[in-house]
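# Chains, contacts and geometry: an overview
Here's the letter readout for the chains.
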Amino acid sequence: MKVHEVNSTTVTEFLILGFPALNDYKLPFFSIVLLMYSMTICENLLIILLVSTSQRLRSPMYFFLGHLALSDIILVTSIVPKMLDVIIRGGSTISYLGCLAQFYLYGGTVSAECFLLTAMSYDRYLAICKPLHYISVMSVKLRYSLIISSWLLGFMLVLISLLLVCGLQFCGSNVINYFFCDYAPLLELSCSDTTVIDIEMILLCFPIILLPFLCITVSYVYIFMAIFGISSTSGRQKTFSTCSSHLVVVSIYYGSMFVIYMVPYRGHSMTVNKFISLLYIVLTPLLNPVIYSLKNKEIKSTMIYISDGLSGKKTLS
């Protein structure tokens, strides 16, 4: 793939390099990523189908889980199809507008997922720490308010970044040494002064990453206090099982986020950064449905119930 250098005209497209070190293994790498992407879509669609059709999964927890599955589908679909093209070709071009669209869709979904995980932690806090008031507080109105706020806040906050990125000038190299249009690789290519957008990105980390993480942490402090206050061991184990899946997902999600966006971008290897991002984008949405399904009796029983219904043994109510 020929590298373009444009010194006198404005860049109208970008060349995404992807993973040059793996070009000798691009077919097996392509196959693995394609398989993971296909499994991710199928798993998350199954979660959405179960939550939306089964009367057994009508609680707020599953309502939030369905939206988490939707956000995972949008996240991987905004990145992986183009990434597969990049892998198989050893590099691929993307238009300026296509790059901005990918940047916005990815950033908005990641931000919305932070808020969705926060809403889920609040739901678990109410269920465990305020069980007598759970039904009245976590009303249908509050559920929809939390969901709508999560999606709107995520995409509105990233819109600020998008507008600033749109104001950047790209008049030199158009080669993105990454596998998608993330903000840090774009800033490195710009010939504009990026001081303002650098500061803006740091400031946005507080409402998008740090504040939700703080809310989740506080929620789990109260949850653990409530769990340790339960006298019986079986009672503690049963109560903890209702939030353990969410805790695992939060740990994986925020662990990756902190490494990618809170550690200075220029302070570590580009190759390391690529693979951390790859695991975060491809592996996390793949694991989320598995994590929730393995420890969730209701989801497993619903899947068995649907399977029996399809085989003619039972009829799904």
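For the structure, check the block above.
These notes cover the structure that comes with them. From a predicted model like this one, the values you see are computed outputs, not experimental measurements.

## Considerations on the overall build of the protein chain
- When helices and strands are counted, the protein chain shows 10 helices and 3 strands.
- Secondary structure elements of the protein chain, listed N to C terminal, follow the sequence β-α-α-β-α-α-α-β-α-α-α-α-α.
- When contacts within the protein chain are restricted to residue pairs at least 6 apart in sequence, long-range pairs at least 24 apart make up 80% of them.
- In the structure as shown, the protein chain presents an accessible area of about 15,200 Å², 69% of it carried by carbon and sulfur atoms.

## Quick notes on a nonpolar patch on the surface
- Among the surface-exposed residues, Leu211, Leu214, Val218, Val221, Tyr222 and Met225 lie close enough to one another that they form a single nonpolar patch of about 580 Å² accessible area.
- As for its placement among the helices and strands, leucine 211 is situated in helix 7 (residues 195–228).
- Looking at leucine 211, the relative accessible area reads 47%, which means it is partly exposed.

## A word on the packing of aromatic side chains
- Under the defined criterion, the tally for this structure stands at 22 aromatic pairs.
- With 5.2 Å between their ring centres and 90 degrees between their planes, phenylalanine 14 and phenylalanine 170 make a pair best called edge-to-face. Here phenylalanine 14, found in strand 1 (residues 13–16), pairs with phenylalanine 170, found in the loop between helix 5 (140–166) and strand 3 (175–176); they are 156 residues apart in sequence, far enough to count as distant. Comparing phenylalanine 14 with phenylalanine 170, the two get one shared label, buried.
- Three or more aromatic residues joined by ring pairs make a cluster, and in this case those are Phe19, Phe29, Tyr106, Tyr178, Phe179, Phe180 and Phe275.
- Seen from the ring of phenylalanine 19, lysine 274 lies directly overhead, with NZ or CZ sitting 5.9 Å from the centre.

## Description of the nonpolar core
- In terms of nonpolar packing, the biggest core is built from 90 residues, with Phe14, Met83, Leu117, Phe179 and Leu186 touching the most fellow members.
- With 16 residues, the top contributor of residues to this core is helix 2 (residues 60–89).
- The residues touching methionine 83, leaving out its near neighbours within four places in the chain, are Phe19, Val33, Phe179, Leu278 and Val282.

## Section: the pairing of strand 2 (residues 92–95)
- Alternating residues of strand 2 divide into Ser92 and Ile94, all buried, and Thr93 and Ser95, none buried.
- Pairing between strand 1 and strand 2: 4 bridges, direction antiparallel. Within the sheet, the bridge partner assigned to leucine 15 lies in strand 2 and is threonine 93.

## Description of the side chain of asparagine 288
- By secondary structure assignment, the location of asparagine 288 is in helix 9 (residues 270–294).
- At 2.9 Å, the side chain of asparagine 288 forms a polar contact with the side chain of aspartate 72.
- Residue contacts for asparagine 288: discarding those within four places in its chain leaves Leu68, Asp72, Glu113 and Val249.

## As for helix 5
- A rise of 1.5 Å per residue sets the reference length of helix 5, with its 27 residues, at 39 Å; its end C-alpha atoms lie 39 Å apart and thus fit the reference within 8%.
- Turning to helix 5, its buried residues are Arg143, Ile147, Ser150, Trp151, Gly154, Phe155, Leu157, Val158, Ser161, Leu162 and Val165.
- Contacts made by the buried residues of helix 5 are with helix 2, helix 3 (96–129), helix 6 (183–189) and helix 7.

## With respect to the pairing of strand 1
- In this sheet, strand 3 lies alongside strand 1 in parallel orientation, the contact comprising 2 bridges. Residue pairing across strands places isoleucine 16 opposite isoleucine 176, the latter belonging to strand 3.

## Re the sheet that holds strand 3
- Spatially, 2-1-3 is the arrangement adopted by the 3 strands of the open sheet, whose pairing is mixed. Edge positions in the open sheet fall to strand 2 and strand 3, since each of these has one partner strand only.
- Docked against the sheet, helix 2 engages strand 1 and strand 2, running at close to 145 degrees with respect to strand 2.
- Its contacts with the sheet place helix 3 against strand 1, strand 2 and strand 3, and it is angled at close to 85 degrees to strand 2.

## As for helix 2
- End to end, helix 2 covers 44 Å across 30 residues, agreeing with the expected 44 Å (1.5 Å per residue, within 8%).
- Taken as a whole, helix 2 carries its principal kink of about 30 degrees at threonine 77; the proline proline 81 stands between one and four residues after it.
- Among the 30 residues that make up helix 2, 22 are buried, leaving the element largely enclosed by the rest of the structure.

## Notes on the packing of helix 3 against helix 7
- One way to put it is that helix 3 packs onto helix 7 with a least axis distance of 9 Å and a crossing angle of 20 degrees. Here helix 3 is positioned roughly parallel relative to helix 7, judged by the angle of their axes. In terms of crossing hand, the pair formed by helix 3 and helix 7 is left-handed. Contacts between helix 3 and helix 7 involve Phe103, Ser111, Cys114, Phe115, Leu117, Thr118, Ser121, Tyr122, Arg124, Tyr125, Ile128 and Cys129 from the first element and Met201, Pro207, Ile208, Pro212, Cys215, Ile216, Ser219, Tyr220, Tyr222, Ile223, Ala226 and Ile227 from the second.

Calculation notes
- Residues numbered from 1 in each chain as written.
- Predicted model: local features only at pLDDT ≥ 70, side-chain atom pairs only at ≥ 80, totals over all residues.
- Heavy atoms only, no water.
- Helix = DSSP H or I, 4+ residues; strand = E, 2+ residues; numbered from the N terminus.
- Contact = heavy atoms within 4.5 Å.
- Areas by Shrake-Rupley, 256 points an atom, 1.4 Å probe, with all protein chains shown as cover.
- Patch = residues over 30% accessible without salt bridge, like charges linked within 9 Å, V, L, I, M, F, W, Y side chains within 5 Å.
- Salt bridge = Lys/Arg side-chain N within 4 Å of Asp/Glu carboxyl O.
- Buried < 20%, exposed > 50% of the residue type's maximum accessible area, 1.4 Å probe, protein only.
- Phe/Tyr/Trp six-rings, centres within 6.5 Å; stacked < 30°, edge-to-face > 60°.
- Lys NZ or Arg CZ within 6 Å of the ring centre and 35° of its normal.
- Core = buried A, V, L, I, M, F, W, Y, C linked by side-chain atoms within 4.5 Å.
- Pairing = 2+ DSSP bridges.
- Polar contact = N/O pair within 3.5 Å; in protein donor to acceptor, adjacent residues only side chain to side chain.
- Expected span 1.5 Å × (residues − 1).
- Axes fitted to C-alpha atoms, helices over the stretch in contact; angles between N-to-C directions.
- Bend = angle between axes of the 7 residues up to and from the residue.
- Parallel < 35°, antiparallel > 145°, perpendicular 65-115°, else oblique.
- Left-handed = near helix turned anticlockwise from the far one by under 90°.

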